Amino acid sequence: MSIHQPAAGPATGRRTHHPKKVTASVLAGAMLVVALAPLAAQPANAELVSFAPVTTADSDGFPDWYSDGNVRLKLCVDAAEGCLAELPFPDQPISYPGNFPGEAFWFAAEAAGGNLGLYEAALEAAHTGEEAAPGTQIAFSRLRFRLTGLVNGADYTISHPYGVHTFRAGHNTARPNDINMTIDEGVCGTPCDFNQAKTAFLGDYGGIGSTAPFIRQTNAPAGALGSIAAPGPITGAPSGFNYVEVVGPNAGGPGVNVLRVSTFAIQGVIDSSVDGAPSTPDLAVASDSGRSNTDNITNVNTPTFTGTATPGSIVELLAGTRVLGSTTATAEGSYSITVSNATNAANVLADGANRVTARTPAAGTTSELVSGALALTVDRTAPAATLTSTPSNPSADTTPAFTFTGEASATFECQLLPSNATWRACTSPHTYDQQLTGNFTFNVRATDVAGNTGANATYGWRIGSATTTPPPPPAGTAEQKDMNGDGNPDLVARDSGGNLYLYPSTAAGGFGTRVLIGSGWGSMNAILQPGDFSGDGRSDIMARDTSGRLWLYTGTGTGRINGGALIGTGWSGMNALITPGDFNGDNRADLLARSTTGALYLYPGNGASGFGTRTQPGSGWGGFTAILSTGDFSGDNRSDVIARNSSGALFLYTGTGTGRLNAGAQIGTGWNGFTMTGTGAWGTANTSSDLVARDGTGRLYAYNGSGTGSFAGARTQIGTGWGGFTIAP
């Protein structure tokens, strides 16, 4: 446990401002920082934003001002402006070095009362000698704590505007009941690098690159942050403590263990000169995503920033010290910079808190003019919704209720399929009105302040008596299109409004009540029923959007589907997608795709929602106007492919069971004008794979397979009014 030794200087009372007392305290403070650290102290890594360039016109050799991004404070040496500094000859004009203080301040805040002899937080200018002299200028930030009347050997925790420190009383044996500590950071050498004081200003509030602002009195006079003559309450403490509180034995006097002082004398004279620095960057409305376009919380890590600058000047955009982009200000004095990672993948804003500034070179110097800092947060993490209570399964409760949670400030949307398919805003707990007997799926999703929407939290259950769900069929059999687990193949179709419906078939070859299982599917240009592609024993749905992205919607086994997961990109070059079930004999659902060159490719499923290495089982398929699969149509327990040419002739290509095809055999004519899908065994007439087709008038027919590669018996009409639907093959 490290304990500070007291710094040089008086133990109690208001600071004595005299050049001869400065050098000793500065050097002692610097040695203390190197040698020891206060108990529980945090490193002083928070930065100021900028300081004035030092030019030959600055006769005193100090920056004219330092800025915290909100205000610029001038180096105050004139007592008439309310400065702590004292001139050697107060009745004479200010001059350097003849009539200039040995120490002065850009900022100083002091508090005292009771056992607290002095608390000081300051940004100080000084000289290494006893008096002002060219070439001896230094700058640093300072924290000072002086307390009396304490218990020797006891620890005292001090909460203050710039942090929390703990010290032990009595290490100065000559004053066993005192604490006298000085912490100086950023002390530069000579010549002074004034950036050291900028980057070491008073505390760690988010790490290197973050800022610790100047505190101010709540009743500060115009042009200043406060007054040294009239102490008052303050605001703006980066630690959240707009006071000094000391906790420890007798801190407030005998038997009083808490001392709080809430009034401060503050020197901070605002510099109003124009320096030509760019304005503080403003996050463009289009880049400020989410609930508000003015809160500077976004999920965009390559946003656009705008501002003003000197016409024709170079403007660079920075996150900390990292340059994000640059431009030249327009003739009207504006700039716009979009962060881009086109040339550098790392050139984006980091997730989390960021502080962005703009800078431009200062004419005639090697320094830069820096804007104020814009604080913004990049949040690209989608929030999770978690269900905390659900109905039992099965349930007799016809008014189901759900409770759920998510990250703080997230909003929620709920959906109940099939009866309340539209996503609507909801809060937990959420109760639905009376529902009919049947199978239901509840979905809830969360959206955070930045606009990220998370995956659905899903619960499927049945209202009413339980039904026995048969085990799902093996991948590759004719029953691969069984979506609700009743052993019968089902149809999935999209209407002209983008709504996706499940049409469950019955054992007699008809349809049960259709179920709305999705909306917003108008952007999909291919919808497929691959069977169990995810490996969970339930039939799934696959879809390609207009951008060529391939999505998998895993089935629940109850006729519903979960939210989509992206499983591939770049599929726009395929003009036909076929789902033959297991095509290569590994008992996993596969995908066949035809390219624009007529090549037929096999994308073998890996049984876990992904693909293995593709192969090419065929070429010259460009002349076919329709390609589909019914699973095993020939009766040899191997998946086959059916294709129609431009003349309307239908051909069967039997599979080898190893990912290849045998030569085609014609099995029909006159099929132009039909839209076809392979369904598996439809109805009770047989157990062979069948074909379902829609004619030009919207009538739907079932064509029973013979089980040996041909059709058997007359077709059966199973529906009308299907003309406006896209049927998943």
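Residues numbered from 1 in each chain as written. Predicted model: local features only at pLDDT ≥ 70, side-chain atom pairs only at ≥ 80, totals over all residues. Heavy atoms only, no water.

Taking an unreviewed UniProt entry as the reference, the chain is identified by name as Ig-like domain-containing protein belonging to Arthrobacter vasquezii.

Quick look at the state of the cysteines now. Under the definition given, this model contains three disulfides. Across the disulfide from Cys-414 sits Cys-426; the S-S distance is 2.0 Å. Disulfide Cys-414-Cys-426: torsion about the S-S bond near 75°, hence right-handed. In this pair, Cys-414 is assigned in strand β26 (residues 411–417) and Cys-426 in strand β27 (residues 420–426), connecting sequence segments twelve residues apart. Owing to a relative accessible area of 8%, Cys-426 belongs among the buried residues under this scheme. If one numbers only the bonded cysteines of the chain, in the order they occur, the disulfide pattern is 1-2, 3-4, 5-6. (Disulfide = S-S within 2.5 Å. Helix = DSSP H or I, 4+ residues; strand = E, 2+ residues; numbered from the N terminus. Buried < 20%, exposed > 50% of the residue type's maximum accessible area, 1.4 Å probe, protein only.)

This structure, assessed with the given rule, holds 13 salt bridges. The partner of Arg-142 in a salt bridge is Glu-124, and the shortest N-O contact between them spans 3.7 Å. With a gap of 18 residues between them, Arg-142 in strand β6 (residues 137–147) and Glu-124 in strand β5 (residues 116–127) connect regions that are remote in the sequence. Residue classification places Arg-142 among the buried residues on the basis of a relative accessible area of 1%. Between Asp-545 and Arg-549 there is a salt bridge, with its nearest N and O atoms 2.9 Å apart. The exposure class assigned to Arg-549 is partly exposed, which follows from its relative accessible area of 35%. (Salt bridge = Lys/Arg side-chain N within 4 Å of Asp/Glu carboxyl O.)

Let's shift gears to the environment of Ala-576. Secondary-structure assignment places Ala-576 in strand β38 (residues 574–581). Expressed as a C-alpha distance, the spacing of Ala-576 and Thr-625, which sit 49 residues apart in the sequence, is 9.6 Å. With near-sequence residues (within four places) excluded, Ala-576 lies in contact with Leu-592, Ala-593, Arg-594 and Ile-627. (Contact = heavy atoms within 4.5 Å.)

So, on to the sheet that holds strand β31 (residues 491–494). Two pairing modes exist for strands in a sheet, parallel and antiparallel, and in both the strands are linked by backbone hydrogen bonds. The strand order across the open sheet built from four strands is β33-β32-β31-β50, with neighbouring strands paired in antiparallel fashion. Because the sheet does not close on itself, it has two edges, and the strands there are β33 (515–518) and β50 (726–727). Strand direction decides the pairing type here: β31 and β50, joined by two bridges, are antiparallel. Pairing of Arg-494 across the sheet is with Thr-726, part of β50. (Pairing = 2+ DSSP bridges.)

For residues other than glycine, phi is negative in most cases, and the peptide bonds are mostly trans. That bond from Tyr-96 to Pro-97 is cis: its omega, 5°, falls within 30 degrees of zero. Mapped onto the elements, Pro-97 comes out in the loop between β3 (72–74) and β4 (104–113). Following Thr-190, the chain continues into Pro-191 via a peptide bond in cis, with omega recorded as 0°. Tracing the sequence through the fold places Pro-191 in the loop between β9 (179–185) and α2 (195–199). Non-glycine residue Asn-296 carries a positive phi angle of around 60°. Inspection of the secondary structure puts Asn-296 in the loop between β15 (282–283) and β16 (297–298). A positive phi angle, close to 75°, is found at Ser-409, a residue other than glycine.

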